[in-house]
Amino acid sequence: MAFVSVLSKTTTFVPTTRAVNTRREGLPVSRRAQGSTIRNPTSMTLTSGPKTSTSVKKLKAPSELLSKTSIFIFDCDGVVWRGDSVIDRVPEVLEYMRSLGKQVFFVTNNSTKSRAGYLNKFTKLGLDAQAEEIFSSSFAAAAYLEQTNFKATGKKVYVIGEVGIPEELDLIGVPYIGGPADAEKQPNMAAGGRLEHDHDVGAVIVGFDRYINYYKIQYAQLCINENPGCKFIATNLDAVTHLTDAQEWAGNGSMVGAIKGCTGKEPILVGKPSPLMIDYIVSKYGISRDEICMVGDRLDTDVLFGKDNGLSSVLTLSGVTTEEKLLSPENKIKPDYYVDSIADFLPRPELN
């Protein structure tokens, strides 16, 4: 399968009139349409706080939500799967949604895989998905670089992360170093030791990295602190993630935190709740925001992503957020509905 860049060679994202379900051979090639732009995350400020409601209700009648929603955006970890285990009845949910004519997208903050890699995971888990329905934060990082015309600078990227980011950078022709190649490296910390770094690095992308080490942290801080204008890009700030279905694991927030701590710099965030991915979807497919529902298991990324971007939102309790935390007086981020899992979207015989 050949995968090509989904972005135009301009500094704006471009929509296409192609229907979502009409191609399966690879990622869609963008076509420019006059007047269609996406907001630049560097020039945007998220609202000072999400729009909140005084109460949140559990979804009792699926038709209440389905009747007013045309597009569902699902987070992956904790919603569709946990680790490498599909959450109960998810295949039925996706089949049911499509049978109703709903458009389905998958947006994940996990950057360890490219869109091609995630398509392979969906296939291995027996889940029906198209490459163009999948948006990962590794894709978002590459999308941001292409939007800002980074390639024209002649600079390269230093990657903290796994194969997903390099694979997406290959698709847009941006050179990079680091990533998996630096997994075993150690700096010389003997007397007089120093780590030399590439002064042509113009951006550091920090994604989830199970092979994070001191060499990578030191290399990143040298690039950010000593290379003029070097961008610090974070794929996401998630505190925890689901590497397995047995427990929560430290997320990319820990990697980004290490780089923030040694550079004193704040990153450019490209994953949820940044508007970059939803702006791309809205622009590309000509979708009205009031027809879209964001479904996720995190309040501070998924639900906030929905509320700050004008979408309805559903929190599922199948991931990292408990009902106790959701309903706590301290929680100010309120979804429109919540469910035990997305299996609650399926019709219930007693309601028919």
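Not measured: the values here are computed from a predicted model.

Before going further, it helps to examine the packing of helix α4 (residues 137-147) against helix α8 (residues 276-285). It is at 10 Å that the axes of α4 and α8 come closest, and there the two elements cross at 75 degrees. Classified by the angle between their axes, α4 and α8 sit roughly perpendicular to one another. Between α4, through Phe139, Ala140, Ala143, Tyr144 and Gln147, and α8, the contact on the second element is made entirely by Leu276, Met277 and Tyr280. Looking at the contact of α4 with α8 residue by residue, the classes come out as seven nonpolar, one polar and no charged.

What follows is about the sheet that holds strand β6 (residues 134-136). Reading across the sheet, the seven strands line up as β1-β16-β15-β14-β2-β5-β6 and stay open at both edges, with parallel pairing between neighbours. The open sheet has two edge strands, β1 (57-58) and β6, and neither has a second partner. Across four bridges, strand β14 (residues 292-296) lies against strand β15 (residues 312-316) in parallel orientation. Residue pairing in the sheet places Cys293 in a bridge with Ser312 of β15. Across the sheet, helix α2 (residues 90-99) touches β2 (71-74) and β5 (103-108), and the angle it forms with β5 is around 140 degrees.

Attention shifts here to the UniProt feature "binding site: Mg(2+)" (unreviewed entry) in the chain. According to UniProt, the "binding site: Mg(2+)" (unreviewed entry) feature falls on Asp75, Asp77 and Asp297. In summary, the annotated positions, though distributed over 223 residues, converge in three dimensions, the widest C-alpha pair being only 8.1 Å. Here Asp75 shows up in the loop between β2 and β3 (81-82). What makes Asp75 buried here is its relative accessible area of 4%.

It is worth spelling out the UniProt feature "active site" (unreviewed entry) in the chain at this point. This chain's UniProt record puts "active site" (unreviewed entry) on Asp75 and Asp77. Ignoring any residue separated from it by four or fewer positions in sequence, one finds Asp75 in contact with Val80, Val107, Thr108, Asn109, Lys272, Met294, Val295, Gly296, Asp297 and Asp302. Among the polar contacts listed, one links the side chain of Asp75 to the side chain of Lys272, at a separation of 2.8 Å. Among the structural elements, Asp77 can be located in the loop between β2 and β3. Ignoring any residue separated from it by four or fewer positions in sequence, one finds Asp77 in contact with Thr108, Asn110, Thr241, His242 and Asp297.

Here we take up the packing of aromatic side chains. Scanning the entire structure with this criterion turns up 14 aromatic pairs. Residues Trp81 and Tyr118 carry aromatic rings whose centres are separated by 6.3 Å and whose planes lie at 10 degrees to one another, so their mutual orientation is stacked. You can see Trp81 sitting in strand β3 and its partner Tyr118 sitting in helix α3 (residues 115-124), a full 37 residues away along the chain. Of the residues examined, Trp81 reaches a relative accessible area of 0% and is grouped as buried. Ring-pair connections join several aromatic residues into one group, and the members of that group are Phe72, Phe74, Trp81, Phe106, Tyr118, Phe122 and Phe345. Here the basic side chain of Lys113 rests over the ring of Tyr118, its NZ or CZ set 5.7 Å away from the ring centre. If you follow Arg115 out to its NZ or CZ, it ends over the ring of Phe135, 4.6 Å from the centre.

Calculation criteria
Residues numbered from 1 in each chain as written. Predicted model: local features only at pLDDT ≥ 70, side-chain atom pairs only at ≥ 80, totals over all residues. Heavy atoms only, no water. Axes fitted to C-alpha atoms, helices over the stretch in contact; angles between N-to-C directions. Helix = DSSP H or I, 4+ residues; strand = E, 2+ residues; numbered from the N terminus. Parallel < 35°, antiparallel > 145°, perpendicular 65-115°, else oblique. Contact = heavy atoms within 4.5 Å. Nonpolar A, V, L, I, M, F, W, Y, C, P; charged D, E, K, R; others polar. Pairing = 2+ DSSP bridges. UniProt positions renumbered as here; feature names shortened; annotations may be inferred. Buried < 20%, exposed > 50% of the residue type's maximum accessible area, 1.4 Å probe, protein only. Polar contact = N/O pair within 3.5 Å; in protein donor to acceptor, adjacent residues only side chain to side chain. Phe/Tyr/Trp six-rings, centres within 6.5 Å; stacked < 30°, edge-to-face > 60°. Lys NZ or Arg CZ within 6 Å of the ring centre and 35° of its normal.

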